[in-house]
2 protein chains.
Amino acid sequence: MPRVSQDHLDARRRQILDGARSCFARHGYEGATVRRLEEATGLSRGAIFHHFRDKESLFLALAEDDVLRMTEVVAQQGLVQVMRELLSTPAGGDGDSPADWLGTRLEVSRRLRTDPEFRARWAERSEQLTIATRERLLRQRQAGNLRDDVDVTVLTAFLELVLEGLVSHLAMGLPADDLDPVLDLVEETVRRHRRTT
Amino acid sequence: MPRVSQDHLDARRRQILDGARSCFARHGYEGATVRRLEEATGLSRGAIFHHFRDKESLFLALAEDDVLRMTEVVAQQGLVQVMRELLSTPAGGDGDSPADWLGTRLEVSRRLRTDPEFRARWAERSEQLTIATRERLLRQRQAGNLRDDVDVTVLTAFLELVLEGLVSHLAMGLPADDLDPVLDLVEETVRRHRRTT
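All residue numbers refer to positions counted from 1 along the written sequence of the respective chain. Numbering of ligands from 1 and lettering of chains from A proceed in the order in which they are written. In keeping with the predicted nature of the model, local features appear solely for residues at pLDDT of at least 70, side-chain atom pairs appear and are counted solely at 80 or more, and the whole-chain, interface and lining totals rest on all residues. As a rule here, side-chain values come from all non-hydrogen atoms in the structure, and water together with hydrogens is ignored.

**Student:** Give a description of helix 5 (residues 79-88) of chain B that names residues and reports values.
**Tutor:** Note: α-helices contain 3.6 residues per turn, so residues at a spacing of three or four share the same orientation. Each residue is placed in one exposure class: buried if its accessible area under a 1.4 Å probe, protein chains only, is under 20% of its type's maximum, exposed if it is over 50%, and partly exposed if it falls in between. Here a strand is any run of E in DSSP of at least two residues, a helix any run of H or I of at least four, and the numbering for each starts at the N terminus. Counting buried positions along helix 5 of chain B yields seven of ten residues, so the element is predominantly enclosed. Here helix 5 of chain B has its buried residues at Leu79, Val80, Val82, Met83, Arg84, Leu86 and Leu87 of chain B.

**Student:** I'd like a description of the interface of chain A and chain B, backed by residues and values.
**Tutor:** Size of an interface, as often reported, equals the accessible area lost when the parts are brought together. Tallying the contact residues gives 35 residues for chain A and 35 residues for chain B. When two components associate, each loses some accessible surface as probed by a 1.4 Å sphere; the sum of these losses over both components is called the buried area. For the pairing of chain A and chain B, the buried interface totals around 3200 Å² over both sides, and the portion due to carbon and sulfur atoms is 67%. What counts as a salt bridge is simple: a side-chain nitrogen of Lys or Arg found within 4 Å of a carboxyl oxygen of Asp or Glu. Between the two partners, chain A and chain B, sit two salt bridges. For Glu188 of chain B, the salt bridge identified is with Arg147 of chain A, shortest N-O distance 3.0 Å. N or O atoms closer than or at 3.5 Å make up a polar contact, with two conditions inside protein: a donor-capable atom paired with an acceptor-capable one, and, for residues adjacent in sequence, both atoms drawn from side chains. Between chain A and chain B we count four residue pairs in polar contact (both at pLDDT 80 or more) in total. Contributions of two or more residues to the side of chain A that touches chain B are made by helix 6 (98-114), helix 8 (152-171) and helix 9 (180-190) of chain A. The element best represented in the side of chain A that touches chain B is helix 8 of chain A, accounting for twelve residues. Residue contacts are defined here by distance: any two heavy atoms, one from each residue, within 4.5 Å place the two residues in contact.

**Student:** Let's hear about the pattern of salt bridges: which residues, and what values?
**Tutor:** In this structure the tally under the stated criterion is 26 salt bridges over all chains. A salt bridge links Asp65 of chain B to Arg21 of chain B; the nearest nitrogen and oxygen atoms lie 3.5 Å apart. Here Arg21 of chain B lies in helix 1 (residues 2-31) and Asp65 of chain B lies in helix 4 (residues 55-77), a separation of 44 residues in the sequence. The class for Arg21 of chain B is buried, based on a relative accessible area of 2%. In this structure, Asp66 of chain B engages Arg21 of chain B in a salt bridge whose closest nitrogen and oxygen atoms are separated by 2.4 Å. Remark: Arg21 of chain B occurs in helix 1 and Asp66 of chain B occurs in helix 4; sequence separation between them is 45 residues. Across the pair, exposure class does not vary: Asp66 of chain B and Arg21 of chain B are buried alike. Each of the salt bridges in this network shares a partner with another, and the network as a whole consists of Arg14, Asp18, Arg21, Asp65, Asp66 and Arg69 of chain A.

Rendered as structure tokens:
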């Protein structure tokens, strides 16, 4: 019954990713030891590394998973919505929450700073988010919702820069309860203006 | 001759700060050992720690120095100009350059993430930049240069979020040569709009 086997493998893979996500978010990349990964996933190291070659591959799979989910939110609701979801979830959330996205994304940011090899492996993955953001903006422009006096490339880079600032802000534990109107302003900045002064 | 003595002390203090700045920028906080600080400043550890109680105090003095200089730029030319200066200087610059501000600021960001005690000591210092930004915006509003449909507090938080994103972007070694038009957009966002669509 190869079909059942495949389902089983997928479920197991999912179980590992979910456990590992909390583990990386809580302890950071270096702090997520194999023993802690075993505890967090409820599986033996043998089972974990049957599915993922090593810790680096496991982390990259997670980060890639997050980019994929962010990409889906971006495609439907835009990058500002990704930011709103980051804001709306209290830090230290558990499981499949934006707070865990944040944990993974912080680790990505940190390793991008310190690990040139990781930077190279990550570049192509992060590009997916840029592409999704750009495509969403192009569709919005076609629908007449986007300002047309600024290049879409510039608007994309603008939104990504604000996202990076938000991740950094949250990572530093700075107060975030006053940032909703800032995101309103960011959203308004890329939209078609009807205001006159 | 107490006057000469004071000048001498001030010059010595400046010599230590300048050397230490490059040293922290190059090696990070942990990597800036006492031996490396001696090499970078050309002074003995005895001389260095005559002026600063410990490495932490030296680092805070540096960071405070940077905030003061950023605050001066902000008062005269605004926070976007601070960002433009960060962009215009190649990484790894030496001496009194924005690249060294960036190095110190990155260390501040990193330690804010990982060191709650440092976060408390830093909070009051970083507030100076927020105050200067806010005051600059208020003056711009009085001069009729600022949009008046968004609260100055929101505009201040917006500019600070973009600055944080820029610092993070540069820290990750991502390409920055396409960011000038993004900063134009940021600047335009806080200004009075005359466009109609």
